[in-house]
Amino acid sequence: MMTTQSTTDLINSVLPIAKKAGQKIMEIYDNLDDFEVTAKDDKSPLTIADKEANTIICKALEQLDPSIPIISEENKNIPYDVRKEYTYYWLVDPLDGTKEFIKRNGEFTVNIALVHDNMSVAGVVYAPVFDELYYAAQGSGAFIRKNGRTESLNASNFYQDEEALGVVCSRSHLNEETKNFVRKLNDPVLVSKGSSLKFLILASGGAHIYPRLAPTMEWDTAAAQIILEESGGRVLVAGSENKLVYNKEELLNPHFIAYANMLG
């Protein structure tokens, strides 16, 4: 059984893997004279970036510890009868933030999580355009590495009835249910952010609540969830006190609310 220390060591070994995948994505992102993406074209830059990053990550994770299986967005069709037996496994999104990649706003990430008994226990999120590397292991805190420096991440303390709370909303998904949630808050300030960076702005103290009342998949959230939790935040199924969990028969997440360190 893995210890906290071994989980921390393992996730530290994943940092260069996420960065290498991000560098490959940037080669594709930066070296296109005519950047166009079509949803069904398997030769599109987006598809190529996804697949090449996935190959880099999966090969490296297999070398790191061949006993730990891998579920990723690119190889997700593992039968539930097989994966329900997994004690530990990697959960990977090689390129999170499809719309952000296409829009070229830089807000896309590489997500690699370690899941144990249906809980995310360690994660790495790399934002290649900004060269920001976020990571955490359960019980060991959350960190960002940028410009050669490593700093702790600490979510802001807040009360839900406070005025002007920062509420993170997707650039691409703002539905009526989300608008209704926001209306109940006290003069909130909306913050737009793409991909799993929505969790990380909470972990970094830059906002307070992220309501996601729209579909996401397990690989979209697992890595960023543990980073937010280790910074002092929480990710709860909407309308409950239940944490978001993984390796469900259906890999679609329920709606959820992510919080910085909510008091009271």
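### Thoughts on the pattern of salt bridges
The full count for this structure, using the stated rule, is 10 salt bridges. For R149, the salt bridge is made with E151, and the minimal N-O distance between the two is 3.2 Å. Given the relative accessible area of 54%, R149 is considered exposed. Here E151 falls in the partly exposed class, since its relative accessible area comes to 38%. Residue K243 pairs with E229 through a salt bridge whose shortest N-O separation is 3.6 Å. With a gap of 14 residues between them, K243 in the loop between β12 (234-237) and β13 (256-259) and E229 in helix α7 (residues 218-231) connect regions that are remote in the sequence. Residue K243 is classed as partly exposed on the basis of its relative accessible area of 34%. Among the residues examined, E229 registers a relative accessible area of 17% and is labelled buried.

### What about helix α5 (residues 176-183)?
Listed in full, the buried residues belonging to α5 are T178, F181 and V182. The arc that holds the buried residues of α5, viewed along the axis, is 95°, so those residues lie on one side.

### What to know about unusual backbone geometry
A positive phi is found at D117, a non-glycine position, where the angle reads about 50°. Relative to the assigned elements, D117 resides in the loop between β3 (109-116) and β4 (119-127). Look at D117 and you get partly exposed, because its relative accessible area is 47%. The backbone of A164 shows a phi angle near 65°, a positive value even though the residue is not glycine.

### Observations concerning the nonpolar core
The biggest cluster of nonpolar side chains holds 37 residues, and the ones touching the most others in it are L61, W90 and I112. Those elements that place two or more of their residues in this core are α1 (4-30), α2 (45-64), β2 (88-96), β3, β4 and β5 (132-137). With 11 residues, the top contributor of residues to this core is α1. Apart from the residues within four sequence positions on either side, L61 is in contact with V14, I17, I70, W90, V92 and I112. Grouped together as the second largest cluster of nonpolar side chains are 35 residues, A142, V191, L202 and V235 included.

Reading guide: rules and limits
- Residues numbered from 1 in each chain as written.
- Predicted model: local features only at pLDDT ≥ 70, side-chain atom pairs only at ≥ 80, totals over all residues.
- Heavy atoms only, no water.
- Salt bridge = Lys/Arg side-chain N within 4 Å of Asp/Glu carboxyl O.
- Buried < 20%, exposed > 50% of the residue type's maximum accessible area, 1.4 Å probe, protein only.
- Helix = DSSP H or I, 4+ residues; strand = E, 2+ residues; numbered from the N terminus.
- Arc of directions from axis to C-beta.
- Core = buried A, V, L, I, M, F, W, Y, C linked by side-chain atoms within 4.5 Å.
- Contact = heavy atoms within 4.5 Å.

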